[in-house]
Protein chains: 2
Amino acid sequence: MDRTPDWIAVDWGTSNVRAWAMTAAGEVLAEATSDKGMGKLSREEFEPALLDLIGGWGPGPHRVVACGMVGARQGWIEAPYARVPGPPLPQGLTMAPTTAPGLSFGIVPGLCQMDPADVMRGEETKVAGFLALHPGWDGTLLLPGTHPKWISVSAGEVVGFRTSLTGELFAALSGHTVLRHSVTTHGWDDAAFEAGVAEGLARPEALMNRLFGLRAESLLKGLQPPEARARLSGLLIGADLAGARAWWLGARVALLGAGDLMDTWRAALRSQGVQPEEADATQATLAGLTEAWRRSQ
Amino acid sequence: MDRTPDWIAVDWGTSNVRAWAMTAAGEVLAEATSDKGMGKLSREEFEPALLDLIGGWGPGPHRVVACGMVGARQGWIEAPYARVPGPPLPQGLTMAPTTAPGLSFGIVPGLCQMDPADVMRGEETKVAGFLALHPGWDGTLLLPGTHPKWISVSAGEVVGFRTSLTGELFAALSGHTVLRHSVTTHGWDDAAFEAGVAEGLARPEALMNRLFGLRAESLLKGLQPPEARARLSGLLIGADLAGARAWWLGARVALLGAGDLMDTWRAALRSQGVQPEEADATQATLAGLTEAWRRSQ
């Protein structure tokens, strides 16, 4: 790298950490990733993991602005939640204790909702970045993932949000129940997915039975593993859509994510007549961290 | 044991196997159990496992009548399913290949339902035994378990049935998702359970979100692990009750099972104004196997 970054952006999740060397103008000079996610580190291991990651980016001083699970109770330091309704990025960063000379590490607050109880860490930065890139946007942001989040945005604020266990439930059912004999880890069938979405949405109360039904159909009717996998995904996403109906029916919806999950959720929404806008999660994260850095100047 | 049994009853499940030395009059002379369930055995290991189990019961000849997963495709030999509607114990046993002199091993058929697709192996024997002990009983039998079964019985036949993944889903969520941080493996709270049942029954479409809500409430509101565990169980059972409404609302219901799960389901049904009759699963299994043995004479 030719020059020392003006600041460093960090997205530190449970499984991975990603850093960008930034200029004040918002240019990305370099990027680094590692698998030293929050879930693998004790408190005193965060600073060494960070220094490993950004070691090639000059001697510093380094000002870091970070989001994600690094600010959880089990993270480097707990960054208190801000409450919604409110802006996605309230003023103020929580500074982690550092020992390296010239290193500062500020964490943006997560957001919480008291009723129904809900929390986010990291997604608030994506929302802020999305709004920086789409000023004045109102509607529902849907962030696919292990814990998909429906986030209602109006007048630059987060009005409320709704997290579901859908993605993690899919993994637990596929890997740790009798359904592991009926679904593949790969393979897909679009028609089976759409049938699952329709069924999950129309009859969410039948879910407990429909899940076992996948096993029964594979025994009795030769339901193939790729079909079973797609139908399972569809049933769960359909059940999520049923509970989240008020968030997407007749609403402006934007999908904010990356990869295969975008395809899955786009197909689910389109099957219900919703044509979602789409935005890239990494760009949104960077734009949000840039916003947080500017405000902390 | 003073005398050689006239026949041997065996309930061979996925995890365990249980055998009873019986007289022709239906008296139990001795009992043996082992953890050599179907899930741990290859085809050629069934006969040695059986001989280990009944080794103390004299030189034979031994006539065995068995039910359960021993008759699954991955079991000793596949015992074809009989279709419902129909009697719980149709004529005919599937004979497993044996090599020990004087040993015969007959397996009762499982039951299947084509639409919606569903299967049972072992429960049909409990139903037959329950009906032998309660002649003329009509109504819904509920068999709690990893895969709870609602079984509609009329005029001595199984009219239809409905299996759900409720119990296994509880285990997968408690052990293999983020909820493992919020629930205990022990501990219970009756009020939290009933609140969960009410919520799961009233709003099954909210389940995906309510599951994550358990995590959020433990972070934000100090929801305690025993409460979270009971509420999780309640939410899933409530969702099952929602889908199975036609099976219990205004119906005569009998719980057929054993142990803690009986308490759990009894409480769930009573919270909805249903006062279930109750019967012991082991007695029903023995009565059903006795019925199958008599008919095979």
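Residues numbered from 1 in each chain as written. Chains lettered and ligands numbered in written order. Predicted model: local features only at pLDDT ≥ 70, side-chain atom pairs only at ≥ 80, totals over all residues. Heavy atoms only, no water.

Chain A appears in an unreviewed UniProt entry as 2-dehydro-3-deoxygalactonokinase from Rubellimicrobium roseum.

1. Considering the sheet that holds strand β1 (residues 7-12) of chain A
Residue and element names in this part refer to chain A. Spatially, β3-β2-β1-β4-β7-β6 is the arrangement adopted by the 6 strands of the open sheet, whose pairing is mixed. Each of the sheet's edge strands pairs with one partner strand only, and the pair in question is β3 (28-34) and β6 (94-95). Strand direction decides the pairing type here: β1 and strand β2 (residues 17-22), joined by 6 bridges, are antiparallel. Residue W7 lies in a different strand from β2, and its bridge partner there is M22. (Pairing = 2+ DSSP bridges. Helix = DSSP H or I, 4+ residues; strand = E, 2+ residues; numbered from the N terminus.)

2. Comments concerning helix α6 (residues 225-243) of chain B
Along an α-helix, residues three or four apart share an orientation, since each turn contains 3.6 residues. With 19 residues, α6 of chain B should reach 27 Å at 1.5 Å per residue; the first-to-last C-alpha distance of 27 Å fits that figure. Most of α6 of chain B sits out of view: 16 of its 19 residues are buried. (Expected span 1.5 Å × (residues − 1). Buried < 20%, exposed > 50% of the residue type's maximum accessible area, 1.4 Å probe, protein only.)

3. Some words on the pattern of salt bridges
Residue and element names in this part refer to chain A. Applying the stated criterion across every chain, the model contains 24 salt bridges over all chains. The shortest N-O distance in the salt bridge between R18 and E31 comes to 3.1 Å. Residue R18 is found in strand β2, and its partner E31 is found in strand β3; the two are separated by 13 residues along the sequence. Classification of R18 as partly exposed rests on a relative accessible area of 29%. Since its relative accessible area comes to 45%, E31 is described here as partly exposed. The partner of E217 in a salt bridge is R231, and the shortest N-O contact between them spans 3.0 Å. Placement of the pair is E217 in helix α5 (residues 207-220) and R231 in helix α6 (residues 225-243), with a sequence separation of 14 residues. Judged by its relative accessible area of 13%, R231 is buried. When salt bridges with common partners are traced through the structure, they connect D263, R266 and E278 into a single cluster. (Salt bridge = Lys/Arg side-chain N within 4 Å of Asp/Glu carboxyl O.)

4. Some details on the state of the cysteines
Residues and elements named next belong to chain A. Evaluated as defined, the whole model comprises 0 disulfides over all chains. Among the cysteines around C67, which has no disulfide bond, C112 carries the closest sulfur, lying 17 Å off. With relative accessibility at 0%, the residue C67 sits in the buried group. (Disulfide = S-S within 2.5 Å.)

5. Overview of the layout of surface pockets
Residues and elements named next belong to chain B. One number sums up the size of the second largest pocket: a volume of about 1700 Å³. Looking at which element gives the most residues to the lining of the second largest pocket, the answer is helix α5 (residues 207-220), with 4 residues. Its residues assigned to classes, the lining of the second largest pocket shows 20 nonpolar, 18 polar and 11 charged. (1 Å grid on protein atoms, 1.4 Å probe; cavity = no way out; pocket = protein on both sides within 12 Å on 5 of 7 lines; lining within 4 Å. Points joined across faces, edges and corners; volume = space filled by probe spheres on them. Nonpolar A, V, L, I, M, F, W, Y, C, P; charged D, E, K, R; others polar.)

6. Some words on the interface of chain B and chain A
Between chain B and chain A, the contact holds 44 residues from the first and 44 residues from the second. Contact between chain B and chain A buries roughly 3800 Å² in total, counting both sides, with carbon and sulfur atoms accounting for 71%. When residues of chain B are sorted by the area they lose upon contact with chain A, M208, F212 and L220 of chain B head the list and together hold 20% of the total. For the pair chain B and chain A, the interface holds 0 salt bridges. Inspection of the region where chain B meets chain A yields 13 residue pairs in polar contact (both at pLDDT 80 or more). Elements that contribute at least two residues to the side of chain B that touches chain A include exactly β8 (111-114), β9 (117-120), β12 (157-163), α3 (166-176), α5 and α6 of chain B. In terms of residue count, the dominant contributor to the side of chain B that touches chain A is α5 of chain B (11 residues). (Contact = heavy atoms within 4.5 Å. Buried area = accessible area lost by both parts, 1.4 Å probe. Polar contact = N/O pair within 3.5 Å; in protein donor to acceptor, adjacent residues only side chain to side chain.)

7. Describing unusual backbone geometry
Of the consecutive residues D115 of chain A and P116 of chain A, the connecting peptide bond is found in the cis state with omega at -5°. Along the chain, the position of P116 of chain A falls in the loop between β8 (111-114) and β9 (117-120). Here the bond from V84 of chain B into P85 of chain B is cis, since omega is 0°, no more than 30 degrees from zero. Structurally, P85 of chain B can be placed in the loop between β5 (82-83) and β6 (94-95). Here A155 of chain A, not a glycine, exhibits a phi torsion of approximately 50°, which is positive. The exposure class assigned to A155 of chain A is exposed, which follows from its relative accessible area of 68%.

8. Topic: the nonpolar core
One finds L173, L232 and L236 of chain A together with L173, L232 and L236 of chain B to be the most contacted residues of the largest nonpolar core, which totals 45 residues. Listing elements by their share of this core, those giving two or more residues are β9, α3 (166-176), α5 and α6 of chain A together with β9, α3, α5 and α6 of chain B. Residue contributions to this core reach at least three from each of two domains, namely domain 1 (7-134 + 287-295) and domain 2 (166-279) of chain B. L232 of chain A has contacts with F170, L173, S174, L179, V183, L211 and L214 of chain A, leaving out every residue within four places of it along the chain. Counting 27 residues, the second-largest nonpolar core is a separate cluster that includes I8, A30, A49 and I54 of chain B. (Core = buried A, V, L, I, M, F, W, Y, C linked by side-chain atoms within 4.5 Å. Domains from an automatic or database assignment.)

9. Section: the packing of helix α4 (residues 190-202) of chain A against α6 of chain A
Residue and element names in this part refer to chain A. Interhelical geometry of α4 versus α6 gives an angle of 35° and a closest axis separation of 6 Å. For the pair α4 and α6, the crossing hand works out as right-handed. From α4, A192, F193, G196, V197, E199, G200 and L201 reach across to α6, where they touch E227, A230, R231, S233, G234, L235, I237, G238, A239, L241 and A242. The residue inventory of the contact of α4 with α6, partitioned by class, reads 10 nonpolar, 5 polar and 3 charged. (Axes fitted to C-alpha atoms, helices over the stretch in contact; angles between N-to-C directions. Left-handed = near helix turned anticlockwise from the far one by under 90°.)

10. Notes on the relation of the copies chain B and chain A
Between the two copies, chain B and chain A, the superposition gives an RMSD of 0.0 Å; the rotation angle is 180° and the shift along the axis is 0.0 Å. Such a turn and shift between the copies fits a two-fold axis. Both copies present the same face, since 100% of the interface residues in chain B are matched by interface residues at the equivalent positions in chain A. (Least-squares fit on C-alpha atoms with pLDDT ≥ 70 in both.)

11. Some words on the side chain of R121 of chain A
Residue and element names in this part refer to chain A. Structurally, the position occupied by R121 is in the loop between β9 and α2 (123-133). Buried charged residue R121 carries no salt bridge. Nearest counter-charge: E78, at 4.3 Å. A polar side-chain atom of R121 sits 2.9 Å from the main-chain carbonyl oxygen of A79. (Lys, Arg positive; Asp, Glu negative; His and termini not counted.)

12. Some thoughts on the environment of I237 of chain B
Tracing the backbone shows I237 of chain B in helix α6. Separated by 37 residues in the primary sequence, I237 of chain B and G200 of chain B place their C-alpha atoms 7.2 Å from one another.

13. Regarding the packing of aromatic side chains
Aromatic ring pairs: the centre-centre distance and the angle between the two ring planes describe each pair. Residues and elements named next belong to chain A. In the structure shown here, the tally under the stated rule is 18 aromatic pairs over all chains. When the centroid spacing of 6.1 Å and the interplanar angle of 75° are considered together, the rings of W12 and F105 count as edge-to-face. Taken together, the residues span a long stretch of sequence, with W12 in strand β1 and F105 in strand β7 (residues 103-107) at a distance of 93 residues. Summarising the burial analysis for this pair, W12 and F105 share the class buried. (Phe/Tyr/Trp six-rings, centres within 6.5 Å; stacked < 30°, edge-to-face > 60°.)

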